[in-house]
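# Summary of the model geometry
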Amino acid sequence: MQSYRLNAHRVLELVEGPTPTPGRGQVLVRVKATSLNSRDMVIASGLYPFPPLPNLIQLSDAAGVIEAVGPEAMRFRVGDRVVSSFNPTWFGGPVRKVGQMYGTDIDGWLSDYAVVDENVLVSMPEHLSFEEAATLPCAALTGWSAVAGAGPGDTVLVQGSGGVSLFALQFARAAGARVIATTSSEAKAERLLELGASDAVNYAETSHWGSVVRTLTDDRGVDIVVEVAGAATISQSVEALALHGTISLVGHLGGAGQGMDLMPLSLRFATLRAIGVGSRSDLEEMNRVVSQHRIRPVIDRVFPFSDAPRAFEHFAHGSRFGKILVSH
Ligand SMILES: NC(=O)c1ccc[n+]([C@@H]2O[C@H](COP(=O)([O-])OP(=O)(O)OC[C@H]3O[C@@H](n4cnc5c(N)ncnc54)[C@H](OP(=O)(O)O)[C@@H]3O)[C@@H](O)[C@H]2O)c1
């Protein structure tokens, strides 16, 4: 089989190896598609906070078909279509310990085949292609976790048009909430409105976008903010927030900040909740909603397996709207 391994010089190397055989409780997956996330860029750039082991197969998010079932594996049958779970040791409930992660501690999915414990997989929503399904483990589940609790009558603010924010928009709309989006691009604003946002505010042109968002809610504020930029934007997020609102802290795309004045947070009686993707059981719950609402992930571009390094390039440097995929 062929796999891409990130060598000690941080180069993705295409490597040939024998196709493994599943052992007890394991399955062999023919990988059909993988999806890229910000975390994969950080690993490849050498800036991941916990130094990764060298020569591991990259990428955490995959969809594929069960090709063989090992002894005593019971969850799936040959031919079943499956999706990987982002955190291979978190099955449900509060996480007790962050275990081994794909691409940094154990082999990931950028490969023709993978042998894994059957418990790290969930069934794939039937209406999705393999490419669409490969977007679910990280970006979709993070968006899902970030808007948890949103419902009719609520307003959710999503920052930017990155992978997590687009899913948060789709899930919040499916739950019956209004969505206001920020973006730095007029063209992307149009697409955010097409996806169901009621308004799009250009954060690049309007530094005080928090009060603009507030005005759009008749000064009530939004119930949930999906905070992807972190310290750089959180004071505007608090400005946009309703009393008793929640900031779902997802990412730090704006870089490290100087810290924030906590008084505005107190004056909003706000909740700050940090998001850590989600468990396998969260993924299964989310997939039921994806199926019921026939949600289709937004895809920017699909690269062939032979061109996987270009997919990394495009994610890191290209303008995009939606997920970047590798088709295997
Ligand atoms: N905590 C978790 O569980 C978790 C899980 C997944 C990801 N993350 C983190 O969450 C962040 C978002 O992930 P992603 O996959 O959605 O990333 P992404 O696809 O790379 O997001 C890129 C988009 O974010 C928007 N953006 C960038 N800087 C911004 C700023 N200062 N203000 C507002 N929007 C800004 C831009 O939107 P426009 O082009 O529209 O302006 C940009 O196109 C990353 O930092 C990632 O590492 C955390």
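Above this text sits the structure in question.
Per chain, the residues get numbers from 1 upward, laid out in the order the sequence is written. Local features in this predicted model are restricted to residues whose pLDDT is 70 or higher, and side-chain atom pairs enter the listing and the counts only when it is 80 or higher, whereas totals over whole chains, interfaces and linings include all residues. Side-chain measures here rest on the full set of heavy atoms in the structure, leaving out hydrogens and waters.

Time to look at the packing of helix α3 (residues 136-146) against helix α9 (residues 280-292). Axes are the key here: two packed helices are described by the angle between their axes and the distance separating the axes. All axes are obtained by fitting lines to C-alpha atoms, using only the stretch in contact for helices, and the reported angles, taken between N-to-C directions, cover 0 to 180 degrees. Think of it this way: any DSSP run of H or I at least four residues long counts as a helix, any run of E at least two long counts as a strand, and we number them from the N terminus. Where α3 meets α9, the closest approach of the two axes is 10 Å, and the angle between their N-to-C directions is 80°. Taken together, the axes of α3 and α9 are roughly perpendicular relative to one another. The segment α3 lies against α9, with Leu-136, Pro-137, Ala-140, Leu-141 and Trp-144 engaging Asp-282, Leu-283, Glu-285, Met-286, Asn-287, Val-289 and Val-290. Classification convention: Asp, Glu, Lys, Arg as charged; Ala, Val, Leu, Ile, Met, Phe, Trp, Tyr, Cys, Pro as nonpolar; all other residues, Gly among them, as polar. Across the contact of α3 with α9, the residue classes tally to 9 nonpolar, 1 polar and 2 charged. Note that the term roughly parallel is reserved for angles under 35 degrees, roughly antiparallel for angles over 145, roughly perpendicular for angles of 65 to 115, and oblique for everything else. Only heavy atoms matter for contacts: two residues are in contact if any of them lie within 4.5 Å across the pair.

It is worth spelling out the site of the ligand at this point. If a single non-hydrogen atom of a residue is within 4 Å of a molecule or strand, that residue counts as near it. Looking at the ligand, there are 23 residues lining it, with Ser-161, Thr-183, Ser-184, Tyr-203 and Ile-275 nearest. By the criterion applied in these results, polar contacts are pairs of N or O atoms within 3.5 Å in which, for protein atoms, one can donate a hydrogen and the other can accept it, and in which residues neighboring in sequence qualify only through two side-chain atoms. A distance of 2.9 Å separates a nitrogen atom of the ligand from a polar backbone atom of Val-250. Its free accessible area being 930 Å², the ligand has 82% of it covered by the protein chains. When residues of the shell around the ligand are traced back to their parent elements, those giving at least two are α3 and α4 (163-174). Here the shell around the ligand is built from residues that sort into 9 nonpolar, 12 polar and 2 charged. Inspection of the shell around the ligand shows a minimum of three residues originating in each of domain 1 (2-135 + 297-327) and domain 2 (141-274). Each accessible area value is a Shrake-Rupley result obtained with a 1.4 Å probe; residue values ignore everything except the protein chains displayed when judging cover. Bear in mind that the domain bounds are from an automatic or database domain assignment.

In this section: the sheet that holds strand β1 (residues 2-6). With antiparallel pairing, the 3 strands of this open sheet are ordered in space as β2-β1-β4. Only two strands of the sheet have a single partner each, and these edge strands are β2 (12-16) and β4 (56-57). Pairs of strands are assigned from DSSP output, requiring at least two bridges between the strands.

Two aromatic rings from Phe, Tyr or Trp, using only the six-membered ring of Trp, form a pair when their centres are within 6.5 Å; if the ring planes differ by under 30 degrees the pair is stacked, by over 60 it is edge-to-face, and anything between is tilted. All told, the structure shown has 5 aromatic pairs when counted by the stated rule. Seen in terms of ring centroids, Trp-144 and Phe-171 are 5.3 Å apart; in terms of plane orientation they differ by 80°. Their pairing is edge-to-face. With Trp-144 in helix α3 and Phe-171 in helix α4, this residue pair connects regions lying 27 residues apart in the sequence. The same class applies to Trp-144 and to Phe-171, which are both buried. The rings of Trp-144, Phe-167 and Phe-171 are connected pair by pair, giving a single aromatic cluster. Think of it in three bands: with a 1.4 Å probe and only protein chains considered, a residue is buried below 20% of the maximum accessible area for its type, exposed above 50%, and partly exposed in between.

If you walk across this open sheet you meet the 6 strands as β11-β10-β9-β12-β13-β14, and the pairing is parallel. Since the sheet does not close on itself, it has two edges, and those belong to β11 (199-202) and β14 (271-274), each with one partner. Strand-to-strand twist across the sheet, computed as the mean angle between neighbouring axes with direction ignored, equals 20°. Relative to the sheet, α4 contacts β9 (155-159), β10 (178-183) and β12 (222-227), its axis offset from that of β9 by approximately 165°. In the packing of helix α6 (residues 209-216) onto the sheet, contacts are made with β9, β10, β11, β12 and β13 (241-249), and the angle to β11 comes to roughly 160°.

Salt bridge, as used here: a side-chain nitrogen of Lys or Arg that lies within 4 Å of a carboxyl oxygen of Asp or Glu. Within this structure, the stated rule accounts for 9 salt bridges. Between Arg-24 and Glu-72 there is a salt bridge, with its nearest N and O atoms 3.6 Å apart. You can see Arg-24 sitting in the loop between β2 and β3 (26-35) and its partner Glu-72 sitting in the loop between β5 (61-69) and β6 (81-84), a full 48 residues away along the chain. By the burial criterion, Arg-24 is exposed, and Glu-72 matches it. One salt bridge connects Glu-284 with Arg-75, and the closest N-O pair in it is separated by 3.7 Å. Separated by 209 residues along the polypeptide, Glu-284 in helix α9 and Arg-75 in the loop between β5 and β6 bring together distant segments of the chain.

Core analysis: the largest hydrophobic core is formed by 47 residues, its most contacted members being Leu-136, Val-156, Val-158, Phe-171, Val-226 and Met-286. Of all the secondary structure elements, the ones that give two or more residues to this core are β5, α2 (130-133), α3, β9, α4, β10, β12 and α9. If you count residues domain by domain, this core takes at least three from each of domain 1 (2-135 + 297-327) and domain 2 (141-274). When sequence neighbours within four positions are dropped, the list of residues in contact with Phe-171 reads Ala-140, Gly-143, Trp-144, Val-147, Met-286, Val-290 and Ile-295. We define the nonpolar core as a collection of buried residues of types Ala, Val, Leu, Ile, Met, Phe, Trp, Tyr and Cys that are connected through side-chain atoms lying within 4.5 Å of one another.

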